Amino acid sequence: MLILPCPWCGPREETEFACDGEVSSVSVDPATASDGAWADALHNRTNRKGMHREWWCHRRGCRQWFWIERDTATNQLRNSGLPGTES
Amino acid sequence: MRIAADQAPFARIDRSRPVRFVFDGRSYEGFAGDTLASALLANDVRVVGRSFKLHRARGIMGQGAEEANALVTLGEGAATEPNVRATMIELTDGLVARSVNTWPSARVDLGAVVGWFGLLLPAGFYYKTFMGPGQGAWHIYERFIRRAAGLGHAPRATDDRRYDKRHAHCDVLVVGAGPAGLTAAIAAADTCNSVLVLDEQTEAGGSALGMPDRIVGMVDRLRSAPNVRVLMRTTAIGLYEQNLVVAVERMGDNTADIRLSAQRLWKIRAERVVLATGAIERPLVFDGNDLPGVMLASASATYAMRYAVACGRRAVLVTNNDGIAKSAESLRMAGIEIAAIVDTRPSSALAPDGIEVLRGHGVVRARGRSSVTEVEIAPLTPDGKQFLPRRRRIDCDLIAVSGGWNPTLHLLGNGAGRTRYAPEIACFIADDLSPTVAVVGAAAGELGEGYSVRPAWRMPAVGRGAPWRQFIDLHNDVTVGDLALAARENYRSVEHLKRYTTMGMAHDQGKTSSVNALGILSEAIDRPLAALGTTRARPPYTPVAFAAVAGRQIGALYAPKRELPAHVAHLGCGAVFAESGGWMRPMHYPLAGESTADAIRREVLAVRNAVGIVDNSALGKVEIHGPDAAILLDRLYSNDWGSLAVGRARYGLMLTEDGMVFDDGVTARLSDTHYLMTTTSAGAGTVVDWIELWLQRAWRDLRVFATPVTHHWADLTIAGPRARDLLGRLSLDMDLSPEAFPHLAIREGTVAGLPARILRASFTGELSFEVMVPARSADQLYNAVMEAGRDLGITPFGVDATLILRAEKGHILIGLEADGTTTPDDLGLGRLVSRKKDFIGRRSLTLADRLRPDRPQLVGLQSDDDRVLPGGGVVWSGDSKLGHVVPMSSCRSPVLGRCIALALIAGGRDRIGSAVTVTAIGSQHRASVVSPVFLDPKNGRIYV
Ligand SMILES: [Zn+2]
């Protein structure tokens, strides 16, 4: 079980958080995107082995979202930040 | 047999404290300080179990966690623990244990008579028989295999002992309190604030227990240090990321007092972890190496020195390494005669005083009926692949073997490091360690000054049957024959080989078998061992009782029970409760002597004909505040929202980004900048999370807050043609006339002296008022309504009646027909999709898939056989499958007098008027497709 750093509350056990998967780097305009491009943006993720950026919410704490970099192979944690700075 | 005190002067048993115990129904005596294993050996009990597959007699082969044979069922009745290793059981007075996998006892086993059965179970048997073309065979074989295989039985009664969990934090955690661990802990204690030491044994000392001098004073020094805590009988079962170590502490002999914990599960966070987990000796693989009397040399030495137990009178030692010298010294000191040391190496430095060393020799076979009586040896060819002719037999009752040592590194399996093969000491050592994890002592490959080993993975086989008696995995009965067969069938990946042969998959997880298997495989397929890789050791290091993992979170403490605010009032009305959406909710309210079906029917009719009351407090409620509240709602809901007047309410659908309906509810406008949103019960939490996600991550510019208030407000809904009359009788400061208070409006005021919000909305299809009051006043309002409505026929109704009422109206229910795969249009709610604005899910509604004419669409079904249709049943048109009956939508409608249901069927709306067949296991029905709105399609009963 990980200990994650909530930007507002400090380090807390993983059970207090919810993960929403990787920060999607795909940005498409729904008004113009083809079916394929839209479905790709909605459903497909890189699923990288190694460091990636992902969303977490301190669900059973302050309820605030943040992003953090986590190595999917080793669970090593790196930088994190508030929404708006993820890309 | 027990060794005289002067021959084991440092033994850790207390001869002044005899301990009585029972094994397989016979009574024996041991001493305090014994394990069950040492006490059985002291009593010359050699056969302690039968092997898994072949039911061969098995004896104790190890002295600790590595034991692969001596599994017992410990205890009796509810506290029974199956499959415990006898080597890990502290002997206590009155202890009762039984061998597993035997019937009637280990000594006389009827399963062995059918030992031939095992010959039918070679490598890959399970795969070939059950996963190939003949996979139906499992049904035939299962009972036979399960009985033949049987590995202990879990008790059927409830274990009423306590299991607890504890958390700990420390600077340094030392796993293992042998000489290396004690040294590390003492060093850490000098420089760190807090040190925690774990050891699975009953006392610290590890391999030094029973030996002279090595650890004198160390334990006392640790115990007196204020910053050190030592936990004995505690096994670290897993090392996870960020140095989380999970350990199980067995609380020793307190079975008499159920108030005390039986076990504790520790979750330890350590800045640094030191693994001083020692090393486990490897067996040697030869014909008959599973006979009782064949054991690890180090184990026989431990029994001699620590427990003062001789595992035999006359021993032959077999080795491929120099470590055997230490074991030989211990055995000799204990008075056990050593007939010879058989050394597989052509040359070695091994030269113990006065013992014959037969260099370049190997074991042809171990002989004996139920235990070893002699060993047959012969010289080996220089490459070790064959025996030379000059065989020789030596009388002995103990064959003490050493195939080298494996550092115990199982805890590295979860990411704290890797292992690599170190050919110079023929074992796997730690590699690529996390910077906060260290390995010391034998675990680090420090196997003694000048330690030298030459692998001898297996002895040559003499005779065709011999490979099938050369055991690699004693527990799962995996032999050289099995492994060679698997290799011939091209199972070359270690992970595949493991699963195919079940090698290393027993309770011991291959502690004594994995590396030997790798060595044998490497020779069989002629690839270097280092290139084969290893299977990953996964937690737990040793088996853990489910009870320890569950701790106190069982029974009533498993999950919090949420009761509705008017729970007491429901009890007073005779409610039958069930959990629904995380709440204990009244299902129905049977009168004395009334059947469930009659109660539900009576409740439905009361709502249709008079008035009923239902507790909707579980519905989610969210206050939306802020100048941009209307914009937020417009984006969340698929239908238009901005034009809603203050005091009015609207039904809305929320979609996920893929265009599927995920929640619904009525939301009311209380002021320009203030709305009250209602959600489904199950969606109460997820909708708030959903709103927060969008507000925080995408719409940070919106000036709006969403505050969950579900638990703050009770919601008692009064529904039925007499609802207005009833509500009017409660002292009320608002006008209930249809003109002043139309359908889909909200009013704030007081009801029965309580501050209230009344929302006029209808799920039942009747005139309906949701009266919301502060949760603490729910009972008061409930009782007031019941009192005021007595002569109107006020009837409490529950979830069951609600399901029928909504099905008659075709109102959708999230989680049933809105199952996450249906769009608004699928549910017949296409009118609730705005064409004027953007909202979550909009783009996905025009994906080609969402426009298919054969999408599932919500329709009504009407039974043509006057039978209740099966919920979940399959709907057919001729031979083509159209869809299914929505679960929990099927009923005999009390007002319509017909059996109705909702269904999701392909292109359903175009099929209205057609006939279909509905099937479920064991039944077939005829039905007609009709509109999903069975009752009052013009909503005349609501708008009154
Ligand atoms: Zn927080």
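Residues numbered from 1 in each chain as written. Chains lettered and ligands numbered in written order. Predicted model: local features only at pLDDT ≥ 70, side-chain atom pairs only at ≥ 80, totals over all residues. Heavy atoms only, no water.

**Q** Could you give me a rundown of the overall build of chain B, with the residues and numbers involved?
**A** Within chain B one finds 20 helices and 49 strands. In terms of overall dimensions, chain B is more spread out than a globule: its C-alpha atoms have a radius of gyration of 37 Å, far above the 30 Å expected for 944 residues. With the C-alpha coordinates aligned to their principal axes, the bounding extent of chain B is approximately 115 × 70 × 60 Å. The buried share of chain B, reckoned over its 944 residues, is 58%. Counting only carbon and sulfur atoms, one obtains 52% of the accessible surface of chain B, whose full area is about 38,900 Å². Here chain B contributes 107 positively and 100 negatively charged side chains, and the mean placements of these two sets differ by 3 Å. (Helix = DSSP H or I, 4+ residues; strand = E, 2+ residues; numbered from the N terminus. Rg over C-alpha atoms; globule rule 2.2 N^0.38 Å. Buried < 20%, exposed > 50% of the residue type's maximum accessible area, 1.4 Å probe, protein only. Areas by Shrake-Rupley, 256 points an atom, 1.4 Å probe, with all protein chains shown as cover. Lys, Arg positive; Asp, Glu negative; His and termini not counted. Charge placed at Lys NZ, Arg CZ, Asp CG, Glu CD.)

**Q** Which residues make up the coordination of the zinc ion, and what values go with them?
**A** Residue and element names in this part refer to chain A. Note on the zinc ion: its protein donors are C6 (SG), C9 (SG), H58 (ND1) and C62 (SG). The metal-donor distances range over 2.0 to 2.3 Å. For the zinc ion, the four donor atoms are set out with angles of 105 to 116° between them, so the coordination reads as tetrahedral. Coordination of the zinc ion draws on donor residues from a single chain, spaced C-x2-C-x48-H-x3-C in sequence. Placement of C6 in strand β1 (residues 3–6) and of H58 in the loop between β4 (51–57) and β5 (65–71) is noted, with a sequence separation of 52 residues between them. For the pair C6 and H58, a shared accessibility class is recorded, and that class is buried. (Donors = N, O, S within 2.8 Å, 3.2 Å for Na, K, Ca; no water. Tetrahedral: all angles 85-135°; square planar, octahedral: opposite > 155°, others 65-115°.)

**Q** Requested: an account of the interface of chain A and chain B, with residues and values cited.
**A** Taken together, the contacts link 22 residues of chain A with 20 residues of chain B. Summing the contributions of chain A and of chain B, the shared interface buries around 1,900 Å²; its carbon and sulfur component is 45%. The tally of links between chain A and chain B comes to five salt bridges. One salt bridge connects D689 of chain B with R59 of chain A, and the closest N-O pair in it is separated by 2.5 Å. Summed over the shared surface of chain A and chain B, the result is 14 residue pairs in polar contact (both at pLDDT 80 or more). Among the elements that line the side of chain A that touches chain B, the one with the most residues is helix α1 (residues 35–43) of chain A, at four residues. Its residues assigned to classes, the side of chain A that touches chain B shows eleven nonpolar, six polar and five charged. (Contact = heavy atoms within 4.5 Å. Buried area = accessible area lost by both parts, 1.4 Å probe. Salt bridge = Lys/Arg side-chain N within 4 Å of Asp/Glu carboxyl O. Polar contact = N/O pair within 3.5 Å; in protein donor to acceptor, adjacent residues only side chain to side chain. Nonpolar A, V, L, I, M, F, W, Y, C, P; charged D, E, K, R; others polar.)

**Q** Give me the side chain of T408 of chain B: which residues, what numbers.
**A** Residue and element names in this part refer to chain B. Relative to the elements of secondary structure, T408 occurs in the loop between β23 (405–407) and β24 (418–422). Judged by relative accessible area, T408 falls into the buried class, the value being 5%. When near neighbours in sequence (up to four residues on either side) are disregarded, T408 contacts T277, G278, A279, I280, A443 and Y541.

**Q** Can you tell me about unusual backbone geometry, naming the residues and giving the values?
**A** A cis amide bond links P539 of chain B to the next residue, P540 of chain B, at an omega of 0°. Structurally, the position occupied by P540 of chain B is in the loop between α12 (529–532) and α13 (546–550). Residues other than glycine seldom take positive phi values, yet N75 of chain A does so here, at roughly 65°. By the element assignment, N75 of chain A lies in the loop between β5 and β6 (77–81). Since its relative accessible area comes to 16%, N75 of chain A is described here as buried. Positive phi, normally seen in glycine, also occurs at D526 of chain B, with a value near 55°. In this fold, D526 of chain B is placed in the loop between α11 (514–525) and α12.

**Q** Could you give an account of the sheet that holds strand β21 (residues 392–395) of chain B, with specific residues and numbers?
**A** All names here are of chain B. Read from one edge to the other, the open sheet built from three strands follows the order β19-β20-β21, with strand pairing classed as antiparallel. Pairing within the sheet leaves two strands with one partner each, and these edge strands are β19 (361–367) and β21. For this sheet the average axis-to-axis angle between neighbouring strands, irrespective of direction, equals 30°. Pairing analysis gives six bridges linking β19 to strand β20 (residues 374–379), with the strands arranged antiparallel. Residue V363 lies in a different strand from β20, and its bridge partner there is I377. (Pairing = 2+ DSSP bridges. Axes fitted to C-alpha atoms, helices over the stretch in contact; angles between N-to-C directions.)

**Q** Outline the pairing of β1 of chain A, listing residues and values.
**A** All names here are of chain A. Covered by surrounding structure in β1 are L4 and C6 only, the residues I3 and P5 on the alternate face being uncovered. Bridge analysis of β1 against strand β2 (residues 10–13) gives four bridges, and the strand direction is antiparallel. Pairing of L4 across the sheet is with R12, part of β2.

**Q** Quick one: what's the story with the sheet that holds strand β42 (residues 795–796) of chain B, residue by residue and with numbers?
**A** Residues and elements named next belong to chain B. The strand order β39-β40-β41-β38-β32-β42 describes an open sheet built from six strands, whose pairing is mixed. Strands at the two margins of the open sheet, each flanked by one partner only, are β39 (745–751) and β42. Pairing of strand β38 (residues 713–719) with strand β41 (residues 768–774), which is carried by seven bridges, proceeds in the antiparallel orientation. Bridge pairing in β41 places A719 opposite S768.

**Q** With reference to specific residues and values, describe the packing of aromatic side chains.
**A** Enumeration over the complete set of coordinates arrives at twelve aromatic pairs over all chains. The interplanar angle of 85° and the centroid separation of 6.4 Å between the aromatic rings of W55 of chain A and W65 of chain A together place this pair among those described as edge-to-face. Note that W55 of chain A is positioned in strand β4 and W65 of chain A in strand β5, a separation of ten residues in sequence. The exposure class assigned to W65 of chain A is buried, which follows from its relative accessible area of 7%. Plain terms: the ring middles of F741 of chain B and F769 of chain B are 5.6 Å apart, the flat faces sit at 70° to each other, and that makes the pair edge-to-face. Highlighted residues: F741 of chain B in the loop between α18 (723–729) and β39 and F769 of chain B in strand β41, separated in sequence by 28 residues. (Phe/Tyr/Trp six-rings, centres within 6.5 Å; stacked < 30°, edge-to-face > 60°.)

**Q** Describe the environment of S580 of chain B, with residues and values.
**A** Positionally, S580 of chain B belongs in strand β30 (residues 576–580). In contact with S580 of chain B, not counting residues within four places along its chain, are R585 and M587 of chain B.

**Q** Describe helix α17 (residues 683–697) of chain B, and please don't skip the residues or the numbers.
**A** All names here are of chain B. Relative to the 21 Å expected for 15 residues at 1.5 Å per residue, α17 spans 20 Å between its end C-alpha atoms, a close match to the ideal helical length. Judged by how many residues are buried, α17 sits mostly within the fold: twelve of 15 residues are covered. Burial in α17 covers these residues: G683, A684, V687, V688, W690, I691, E692, L693, W694, L695, Q696 and R697. (Expected span 1.5 Å × (residues − 1).)

**Q** Can you explain the state of the cysteines? Please cite residues and give values.
**A** One way to say it: the disulfide is the covalent bond shared by the sulfur atoms of two cysteines. Residues and elements named next belong to chain A. Evaluated as defined, the whole model comprises zero disulfides over all chains. C19 forms no disulfide, and the closest cysteine sulfur to it belongs to C57, at a distance of 11 Å. For C19, a relative accessible area of 39% translates into the label partly exposed. (Disulfide = S-S within 2.5 Å.)

**Q** Can you explain the nonpolar core? Please cite residues and give values.
**A** Residues and elements named next belong to chain B. Ranked by size, the top nonpolar core spans 82 residues in total, and within it L36, Y303 and I399 carry the most contacts. No other element matches helix α1 (residues 36–42), which puts six residues into this core. Two domains each put at least three residues into this core: domain 1 (5–125) and domain 2 (281–404 + 451–532). Beyond its immediate sequence surroundings of up to four residues, L36 is in contact with F21, V72, A86, I89, L91, L95 and A97. By size, the runner-up hydrophobic cluster in this structure holds 33 residues, among which are A723, L754, A778 and Y782. (Core = buried A, V, L, I, M, F, W, Y, C linked by side-chain atoms within 4.5 Å. Domains from an automatic or database assignment.)

**Q** For the pairing of strand β33 (residues 620–625) of chain B, give the residues involved together with the corresponding values.
**A** If a strand is regular, its side chains alternate between the two faces of the sheet. Residue and element names in this part refer to chain B. Of all six residues in β33, five are buried; the element is thus mostly enclosed. Sheet topology places β33 next to strand β36 (residues 674–679); six bridges connect them, and they run antiparallel. Bridge pairing in β36 places V622 opposite M677. The pairing of β33 with strand β37 (residues 705–708) spans four bridges and is antiparallel.

**Q** Let's hear about the confidence of the model for chain B: which residues, and what values?
**A** All names here are of chain B. Taken over all residues, the pLDDT of chain B has a mean of 92, while the share at 70 or more is 94%. Scored below 50 in pLDDT, residues 113–118 shows six contacts in the model against residues more than four places distant or in partner chains. Among the prediction metrics, the complex's ipTM stands at 0.98, with pTM recorded as 0.87. (pLDDT = per-residue confidence, 0-100.)

**Q** Any details on the packing of helix α7 (residues 297–306) of chain B against helix α8 (residues 324–333) of chain B? Residues and values, ideally.
**A** Residues and elements named next belong to chain B. One way to put it is that α7 packs onto α8 with a least axis distance of 9 Å and a crossing angle of 35°. Taken as a pair, α7 and α8 cross one another with a handedness that is left-handed. Contact with α7, carried on its side by A297, S298, S300, A301, A304 and M305, involves I324, S327, S330, L331 and M333 of α8 and no other residues of that element. In terms of residue class, the contact of α7 with α8 is built from seven nonpolar, four polar and no charged. (Left-handed = near helix turned anticlockwise from the far one by under 90°.)

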